[in-house]
Each structure stands twice: as C-alpha cells, then as structure tokens.
There are 2 protein chains.
Amino acid sequence: MGVVTSSPPPSGPKQDRSRVTRQRLLQAAVDCLAEVGWAGSTVSVVAERAGVSRGAAQHHFPTREDLFTAAVEYVAEERSGALRELAPRDRSEVVAALVDLYTGPLFRAALQLWVAASDEEQLRPRVTELEARVGRETHRMAVRLLGADESVPGVRETVQGLLDMARGLGLANLLTDDEARRRRVVAQWAELVDGALGHG
Amino acid sequence: MGVVTSSPPPSGPKQDRSRVTRQRLLQAAVDCLAEVGWAGSTVSVVAERAGVSRGAAQHHFPTREDLFTAAVEYVAEERSGALRELAPRDRSEVVAALVDLYTGPLFRAALQLWVAASDEEQLRPRVTELEARVGRETHRMAVRLLGADESVPGVRETVQGLLDMARGLGLANLLTDDEARRRRVVAQWAELVDGALGHG
C-alpha cells in the first residue's frame, strides 16, 4: 500500500481531458491553500483559479474536503516520485533532499490542512489517515535512500527523528526565510545521522 | 533581552485586580486558540470565556492581535520559567523536557497563530518577532541545561537541530496521540545528542 493508485486510469481523449481538468484543479487547490489558508479556500475559488466551471469542479470533487485532501495527496505523490528517482551520491545529499520535502508550497498547503483538521471534525479523520499514509511512504523512501538497516536497534528511531527534524525546519521556515540557518543544521545532522547509521 | 518584562509591574489592590483580569484573559485566549483555532478566536469569545466584560477586555487589549500575541508570549514565559527551575539529572531528561515544550495547549495555540500569521499581513510581523524572541530564549536555555559548549564547531547546530526535531514532534502530535513513538525517538536522539556534545 502506498500513495500510488493501484490500477492505471482509463485512457482515451475524453479521459485525457478529464484528467487534465482534475490535475489543474488539484494544483490550484494546493496553491490556494498555501497562499490564502483553509478559511479562504473553497471549491469556487479553486475552480476560478483553475479556469474550470464550478459544475465541473463539483463533478470531480463533490465536497471541499474531497478536493483539498486529494490535492495534498496528489502533490505529495508528485514529490515522492521525484524523490524515488533521486540517485544520491552520499547521505548528506539524501538528508538535504528529505528536508527539501518540508519547505515550499506543498508543505505550506499540508500544514494549513493539518491545522484546520485539528479543530474541524469532518476533516480530521481524513487528514489523519492521509498524513499517516504519506508519512509511512516518506519513511520507507528515507530508509532506502539512506541505506539504513532497520534491524539494528535505534536505526528506525534515528530515521524517524530526522524526518521530525525536517518537519520542524519546515515550520521554522513558514514566516521567515530560514535557509542559511537550515543549511548549517542540515550539514551537522547529516554527519550525526551518518555516524549513527554506520555503513549502508 | 528576553521574554521577561524588564521592570516590575506597579503593585497595590487595584493593580492586583487588573493583573488578575489580564492573566485570566491571557489564559482564556491561549485555550481558545488551541481549541477552536484562529478563525473562531475573537476578543469577545475570549472575554466571555474568561468571565470578563468586553469593555474590560478591550481596555487591556485594544486589538485582537494584541490579545493573542500577548497570550502566546505570556504562556511561553510561564513554560520557560518552569524549565529554568528544572534541575535535570542527565541529558536525556533535558531532551525529554525540551520536547515537552512542543506538546500540549501552548504549542497548539502558538501553531494556530503561526499559521494564521503566514497569510495575514497585520499579524505576520508581530508573530515573526515573537517567535524569534521565544526561539532565542529557548535556545539559550537548551544550551545551558545540556551543558553545551557552543565554541566547539557543530555544537550550536546540534542544539538547533534538536529543537527543530522537538517542534516537528509537536506537529506530528497535533492530530494523533503520538506519545509512544515520540518516547522512542526522544530516547534515541538523546543518545545522539549526548555523543555529539561530549562532556558538558
């Protein structure tokens, strides 16, 4: 089980158009969430931003919750795909790439959804499930890219802590551009993690 | 400069009453922010929760931004005070206490304010300044409690990364009770930090 759909979508010109519309809506939804937050993000606002009719938007996503959870999942999957194709030279490159997952519009959008879900009952179970799924997938990729052996005691927690640190660095970057500090922290922790993981 | 006010407040029965009202408003504001989020947190809602008239609340805090930034600062200072009085037996106790700063209502409230500030222009500079101040104070306390020598290369970044990890763990705890996992991660990272810092 992962964030990838398990069967290929139907193909043909009509399906292609429908898929393009869907993708435009999903991308617009993430951008909207990242820029104006949950309170200002509605299906209508996203439809207008995507240049799609409100009716077409509601055909694809009957509810606001459907649209925004699908949007965060879609972009998370795009990012995972890019990470899977990474051929890193060393662990410090992997650590930097993992931390990059938590900066930029996807993280901002996911954070808005996450915080909104903490006090909205109809959103909470869906976002909780989505985050657990994306989290597992990210952990699996991190283990593989770092060449970490999880049968060794402490290795699993070292990788988890690294992803928690990446999430915390993303949060610190929300209000101020934190890049210079982040790079120094990443360089130091890449060394500590490398020492803790031993030979991959 | 720290989060502590630099001069003692005036004293006397009237000032005492005023201070009690102020503190009740601040505590109610943090609870409100943590429970219902920024969109539902207004001066009126907080005044009612605190059992204070709307006029009295506005006398203390003319704007919504005044009330909520003061509230997050007030509770952050309470928590810092508790941490300053900690007499830890070892570094793993310090790491656990630092991580505890990022779970519970204060972190939830601060996170709501932080995310709201990312897309509200009148809130953003104040929250940015507040977070920087609280962040510096937390870093200073962490250095002291861990017995870390920041003149050694890498030590500053080790401590910063630890606080970023603590923040990330707090975020992971927002939607699901994450305590069992968090404890294992904290135990492992306490060991990594202890090894990296050497003799304090």
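Since we're looking at a predicted model, the values are computed, not measured.

Asks: What's the story with the overall build of chain A in this structure? I'm lost.
Replies: For chain A, the count of helices and strands is 9 helices and 0 strands. Starting at the N terminus and walking to the C terminus, you meet the elements of chain A as α-α-α-α-α-α-α-α-α. Scaling as 2.2 N^0.38, a compact globule of 200 residues should have a C-alpha radius of gyration of about 16 Å, and chain A matches this with 18 Å. With the principal axes as the frame, chain A shows a C-alpha extent of 55 × 40 × 30 Å. For chain A, buried positions account for 52% of its 200 residues. Long-range pairs, those at least 24 residues apart, make up 67% of the contacts in chain A between residues at least 6 apart in sequence. Taken as a whole, chain A presents about 9,500 Å² of accessible surface, with 51% of it coming from carbon and sulfur. A distance of 4 Å separates the average location of the 25 positive side-chain charges in chain A from that of its 28 negative side-chain charges.

Asks: Any chance you could explain the packing of helix α8 (residues 155–172) of chain B against helix α9 (residues 179–197) of chain B here in plain terms?
Replies: A packed helix pair is summarised by two numbers, namely the angle formed by the two axes and the spacing between the axes. All names here are of chain B. It is at 11 Å that the axes of α8 and α9 come closest, and there the two elements cross at 175°. One way to sum up the angle between α8 and α9 is to call them roughly antiparallel. Facing Val155, Thr158, Val159, Leu162, Met165, Leu169 and Ala172 of α8, the residues of α9 in contact are Arg181, Arg182, Val185, Val186, Trp189, Val193, Ala196 and Leu197. Within the contact of α8 with α9, the residues separate by chemical class into 12 nonpolar, 1 polar and 2 charged.

Asks: Teacher, can you tell me more about the relation of the copies chain A and chain B here?
Replies: Put simply, the second copy of the chain is the first one after a rotation about an axis and a shift along it. When chain A is fitted onto chain B, the two copies agree to an RMSD of 0.0 Å after a turn of 180° and an axial shift of 0.0 Å. Look at the turn and shift together and you get a two-fold axis relating the two. When the interface residues of chain A are mapped onto chain B, 100% of them again fall at the interface, so both copies present the same face.

Asks: How should the UniProt feature "domain: HTH tetR-type" (unreviewed entry) in chain A be read in this particular structure?
Replies: UniProt annotation of "domain: HTH tetR-type" (unreviewed entry) refers to residues 19–79 of chain A when read in the numbering used here. As a span, residues 19–79 of chain A carries 80% helix and 0% strand, and end to end its C-alpha atoms are 19 Å apart.

Asks: Quick question: what am I supposed to make of helix α4 (residues 64–84) of chain B here?
Replies: It helps to recall that an α-helix has 3.6 residues per turn; residues three or four apart then point in one direction. Helix length check: α4 of chain B (21 residues) gives 30 Å between terminal C-alpha atoms against 30 Å at 1.5 Å per residue, within 8%. Burial analysis of α4 of chain B places 16 of its 21 residues in the buried class, which makes it a mostly covered element.

Asks: Got a minute to help me understand the pattern of salt bridges in this structure?
Replies: Pairing between side chains becomes possible if they bear opposite charge and their charged atoms approach one another. Applying the stated criterion across every chain, the model contains 32 salt bridges over all chains. As a salt-bridge pair, Glu129 of chain A and Arg133 of chain A come within 2.8 Å of each other at their nearest N and O atoms. Residue Glu129 of chain A and its partner Arg133 of chain A are both found in helix α7 (residues 124–146); the two are separated by 4 residues, about one turn of the helix. Among the residues examined, Arg133 of chain A registers a relative accessible area of 13% and is labelled buried. Residue Asp178 of chain B pairs with Arg181 of chain B through a salt bridge whose shortest N-O separation is 3.1 Å. The two residues Asp178 of chain B and Arg181 of chain B agree in class, both being buried. Connected via shared salt-bridge partners are Glu77, Arg84, Glu137 and Arg140 of chain A.

Asks: I keep staring at the environment of Trp38 of chain B and nothing clicks. Help me out?
Replies: All names here are of chain B. Structurally, the position occupied by Trp38 is in the loop between α1 (13–36) and α2 (43–50). Take Trp38: its relative accessible area is 7%, and that puts it in the buried class. Setting aside anything within four residues of it in sequence, one finds Trp38 in contact with Leu33, Arg64, Glu65, Phe68, Gln112, Leu113, Ala116, Glu120 and Leu123. One polar contact links Trp38 to Glu120, side chain to side chain, over a distance of 2.8 Å.

Asks: Is there a simple way to think about the packing of α4 of chain B against helix α7 (residues 124–146) of chain B in this case?
Replies: All names here are of chain B. Closest axis-to-axis distance for the α4/α7 pair is 11 Å, and the angle between their directions is 0°. Taken together, the axes of α4 and α7 lie roughly parallel to each other. In this structure, α4 contributes Glu65, Asp66, Thr69, Val72, Glu73, Ala76, Ser80, Leu83 and Arg84 to the contact, and α7 contributes Arg126, Val127, Leu130, Arg133, Val134, Glu137, Met141, Arg144 and Leu145. Taken together, the residues of the contact of α4 with α7 sort by class into 8 nonpolar, 2 polar and 8 charged.

Asks: Any chance you could explain the side chain of Asp164 of chain A here in plain terms?
Replies: Within the secondary structure, Asp164 of chain A is located in helix α8 (residues 155–172). Asp164 of chain A gets classed as buried once you look at its relative accessible area, which sits at 0%. Setting aside residues no more than four positions away along its own chain, Asp164 of chain A makes contact with Asp164, Met165, Gly168, Leu169, Ala172, Arg181 and Val185 of chain B.

Asks: How do you make sense of the interface of chain A and chain B when you look at a structure like this?
Replies: Interfaces are often sized by the accessible area lost when the parts come together. Contacts between chain A and chain B engage 37 residues on the former and 38 residues on the latter. At the boundary of chain A with chain B, total buried surface from both sides reaches about 3,400 Å², with 65% on carbon and sulfur atoms. Among the residues chain A hides against chain B, the three largest losses belong to Leu171, Leu175 and Trp189 of chain A. Together they make up 21% of the total. Taken together, the links from chain A to chain B amount to 4 salt bridges. On inspection of chain A and its partner chain B, the count reaches 18 residue pairs in polar contact (both at pLDDT 80 or more).

Here is what the cut-offs are and how they apply
Residues numbered from 1 in each chain as written. Chains lettered and ligands numbered in written order. Predicted model: local features only at pLDDT ≥ 70, side-chain atom pairs only at ≥ 80, totals over all residues. Heavy atoms only, no water. Helix = DSSP H or I, 4+ residues; strand = E, 2+ residues; numbered from the N terminus. Rg over C-alpha atoms; globule rule 2.2 N^0.38 Å. Buried < 20%, exposed > 50% of the residue type's maximum accessible area, 1.4 Å probe, protein only. Contact = heavy atoms within 4.5 Å. Areas by Shrake-Rupley, 256 points an atom, 1.4 Å probe, with all protein chains shown as cover. Lys, Arg positive; Asp, Glu negative; His and termini not counted. Charge placed at Lys NZ, Arg CZ, Asp CG, Glu CD. Axes fitted to C-alpha atoms, helices over the stretch in contact; angles between N-to-C directions. Parallel < 35°, antiparallel > 145°, perpendicular 65-115°, else oblique. Nonpolar A, V, L, I, M, F, W, Y, C, P; charged D, E, K, R; others polar. Least-squares fit on C-alpha atoms with pLDDT ≥ 70 in both. UniProt positions renumbered as here; feature names shortened; annotations may be inferred. Expected span 1.5 Å × (residues − 1). Salt bridge = Lys/Arg side-chain N within 4 Å of Asp/Glu carboxyl O. Polar contact = N/O pair within 3.5 Å; in protein donor to acceptor, adjacent residues only side chain to side chain. Buried area = accessible area lost by both parts, 1.4 Å probe.

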